[in-house]
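Take a look at the letters that make up each chain.
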Amino acid sequence: EFRFAFRLTVMEKVSELQGLLLGASHENLNEITKLFALCESEDLRVVVAALSAIGKVLAHHRRLAVDSETEGLHELAQWLRGHNKALRQLILQLAASGEVKAQLGAIRLTLMLLKDEAAEINASTKMSGQELARLFGLLPIDSRFPELLTELLLAPRWNSQVAECILSEYVVNYADIRHYLLSHLRNCAE
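Caption draft 1: Here's a closer look at the overall build of the protein chain. Of the regular secondary structure elements, the protein chain holds nine helices and zero strands. Secondary structure of the protein chain in N-to-C order comes out as α-α-α-α-α-α-α-α-α. On C-alpha atoms alone, the protein chain measures out to a radius of gyration of 17 Å, which is about the 16 Å that the 2.2 N^0.38 rule sets for 190 residues. By its C-alpha atoms, the protein chain is 50 × 50 × 25 Å across when sized along the principal axes. Every one of the 190 residues in the protein chain was classed for burial, and the buried ones make up 44%. Considering only contacts in the protein chain between residues 6 or more positions apart, those separated by 24 or more positions represent 71%.

In structure tokens, the structure reads:
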């Protein structure tokens, strides 16, 4: 019972921080370190919720920066790029963990972020998608998805649940994911 109450309190903290960081300015942006700190939790649900919140916060501030043509855009872009890279690395650590639930979280988080970033790039009217990706260090799916697959394949263990998640939730539904999966497996076999 105590563990459930503690988790609820921590999850409320994730929501509270996300709400604070989704404001109309960049003034509280350094509070994102508190979300990164929550990624050290022993509770995987808290880790995944914090990583998801970080992804949403970074996307929100990329849009704010581009839409408002923020003064100091390049410094802010560099800051966002660094935090986006840290987010990707944490997700890859989940994939490499060998824990099935962590790996499932890594798969779903990576593909959610890829989908959101693609929508962000396509919706950009202030600059081209390529400029936006370059400015904020958004890596294309043809490098990020294989990177995830490599971590999964090199993990100490994974099972059919991980493979089933990739296949049933993504490969069957998305031709581009199917292409990247098959290409990566072919490259691994060569």
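That covers the picture; the talk isn't over yet.
Caption draft 2: Representation of the side chain of Asn-84 in the model. By secondary structure assignment, the location of Asn-84 is in helix H4 (residues 73-96). Once residues within four sequence positions are removed from consideration, Asn-84 is found in contact with Leu-58, Arg-62, Glu-117, Phe-136, Gly-137 and Leu-138.

Caption draft 3: Broad picture of the nonpolar core. Core analysis: the largest hydrophobic core is formed by 57 residues, its most contacted members being Leu-35, Ile-107, Phe-136 and Phe-145. Setting aside anything within four residues of it in sequence, one finds Ile-107 in contact with Leu-148, Leu-152, Val-162, Cys-165, Ile-166 and Tyr-170.

Caption draft 4: Examining the packing of H4 against helix H7 (residues 141-154) more closely. Contact pair H4 / H7: the axes reach a minimum separation of 7 Å and the direction vectors enclose 35 degrees. Of the two possible hands of crossing, H4 and H7 adopt the one that is right-handed. Listed contacts from H7 to Arg-88, Leu-92, Ala-95 and Ala-96 of H4 are Arg-144, Glu-147, Leu-148, Glu-151 and Leu-152. Split into classes, the residues belonging to the contact of H4 with H7 amount to five nonpolar, no polar and four charged.

Caption draft 5: The arrangement of a nonpolar patch on the surface in detail. A contiguous nonpolar surface patch, about 370 Å² in accessible area, is contributed by Leu-153, Trp-158, Leu-182 and Leu-185. Checked against the element boundaries, Trp-158 lands in the loop between H7 and helix H8 (160-171). For Trp-158, a relative accessible area of 39% translates into the label partly exposed.

Caption draft 6: Spatial organisation of the packing of helix H5 (residues 100-123) against H8. Remark: H5 packs on H8, axes separated minimally by 9 Å, with the N-to-C direction vectors making an angle of 25 degrees. By the criterion of interaxial angle, the relationship of H5 to H8 is roughly parallel. As H5 runs across H8, the sense of the crossing is right-handed. Where H5 abuts H8, its residues Val-100, Gln-103, Leu-104, Ile-107, Arg-108 and Leu-111 lie against Gln-161, Val-162, Cys-165, Ile-166, Glu-169 and Tyr-170. Looking at the contact of H5 with H8 residue by residue, the class counts come to eight nonpolar, two polar and two charged.

Caption draft 7: Geometry of empty space enclosed by the protein. Applying the stated criterion to the full structure yields two cavities of 30 Å³ or more. Space inside the largest cavity adds up to approximately 60 Å³. Listed by contribution, the elements that provide at least two residues to the lining of the largest cavity are H4, H5 and H7. Among the residues making up the lining of the largest cavity, the classes are represented as four nonpolar, one polar and three charged. Reported here for the second largest cavity is a volume of approximately 30 Å³. In this structure, the second largest cavity is lined by Gly-55, Lys-56, Ala-59, Arg-62, Leu-113, Asp-116 and Glu-117. When residues in the lining of the second largest cavity are grouped by element, the largest group, four residues, is from helix H3 (residues 44-68).

Caption draft 8: Representation of the environment of Ala-24. Tracing the sequence through the fold places Ala-24 in the loop between helix H1 (2-21) and helix H2 (32-38). By relative accessible area, which is 77% here, Ala-24 ends up exposed. With 62 residues separating them in the primary sequence, Ala-24 and Ala-86 have C-alpha atoms 23 Å apart.

Caption draft 9: A look at the environment of Ser-143. Its place among the elements puts Ser-143 in helix H7. Ser-143 sits in the partly exposed class, given a relative accessible area of 32%.

Conventions we followed
Residues numbered from 1 in each chain as written. Predicted model: local features only at pLDDT ≥ 70, side-chain atom pairs only at ≥ 80, totals over all residues. Heavy atoms only, no water. Helix = DSSP H or I, 4+ residues; strand = E, 2+ residues; numbered from the N terminus. Rg over C-alpha atoms; globule rule 2.2 N^0.38 Å. Buried < 20%, exposed > 50% of the residue type's maximum accessible area, 1.4 Å probe, protein only. Contact = heavy atoms within 4.5 Å. Core = buried A, V, L, I, M, F, W, Y, C linked by side-chain atoms within 4.5 Å. Axes fitted to C-alpha atoms, helices over the stretch in contact; angles between N-to-C directions. Left-handed = near helix turned anticlockwise from the far one by under 90°. Nonpolar A, V, L, I, M, F, W, Y, C, P; charged D, E, K, R; others polar. Patch = residues over 30% accessible without salt bridge, like charges linked within 9 Å, V, L, I, M, F, W, Y side chains within 5 Å. Areas by Shrake-Rupley, 256 points an atom, 1.4 Å probe, with all protein chains shown as cover. Salt bridge = Lys/Arg side-chain N within 4 Å of Asp/Glu carboxyl O. Parallel < 35°, antiparallel > 145°, perpendicular 65-115°, else oblique. 1 Å grid on protein atoms, 1.4 Å probe; cavity = no way out; pocket = protein on both sides within 12 Å on 5 of 7 lines; lining within 4 Å. Points joined across faces, edges and corners; volume = space filled by probe spheres on them.

Honestly, it's all geometry; don't read function into it.
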